Amino acid sequence: MPDRDVTIEKNEERIAKYLARAGVASRREAEKLIEQGIVTVDGVTLTTPAFKVTADMDIRSMAPASTSRAPPGSGAITSPTG
């Protein structure tokens, strides 16, 4: 078996997924924001969603806050009375 020097960063994830988990936008909406040049990582404007980030990076989005979307897990659960 050939010897490989492979470094795997366990905490890396694609920028669109990171933004979606943070509640900024859905993954598809995040990809559109990136293509519009609204997202920066460590001061560099991204132009492609094919970029992996880690938690220690400075990730910023100039997208307006969405008021129509509730954060995950905030849905009300009701049970029938009686």
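Everything that follows concerns the structure shown earlier in this document.
Rules used in this analysis
Residues numbered from 1 in each chain as written. Predicted model: local features only at pLDDT ≥ 70, side-chain atom pairs only at ≥ 80, totals over all residues. Heavy atoms only, no water. Pairing = 2+ DSSP bridges. Helix = DSSP H or I, 4+ residues; strand = E, 2+ residues; numbered from the N terminus. Buried < 20%, exposed > 50% of the residue type's maximum accessible area, 1.4 Å probe, protein only. Arc of directions from axis to C-beta. Contact = heavy atoms within 4.5 Å.

J.: I'd like a rundown of the sheet that holds strand β2 (residues 39-41), residues and numbers included.
T.: Here 3 strands make up an open sheet; going across it, the order is β3-β2-β5 and the pairing antiparallel. Edge positions in the open sheet fall to β3 (44-45) and β5 (59-61), since each of these has one partner strand only. Where β2 and β3 come together, 2 bridges link them in antiparallel fashion. In the strand pairing of β3, Thr 40 is matched with Thr 45.

J.: Can you lay out helix α2 (residues 27-35) for me, pointing to particular residues and giving the numbers?
T.: Helical geometry: 3.6 residues make up each α-helical turn, so side chains three or four residues apart lie on a common side. Among all positions in α2, only Ala 30, Leu 33 and Ile 34 are buried. All buried residues of α2 project into a common sector of 100° when viewed along the axis, lining one side. Among the exposed residues of α2, those oriented more than 90 degrees off its buried face are Arg 28, Lys 32 and Glu 35. In the core, the buried residues of α2 are packed alongside α1 (15-21), β2 and β5. A positive phi of about 80° marks Gly 37, the residue just after α2.

J.: Explain the environment of Phe 51 to me, using residue names and the numbers behind them.
T.: Along the chain, the position of Phe 51 falls in the loop between β3 and β4 (52-53). Ignoring sequence-local partners within four residues, the contact set of Phe 51 consists of Glu 13, Arg 14, Ile 15, Val 41 and Leu 46.

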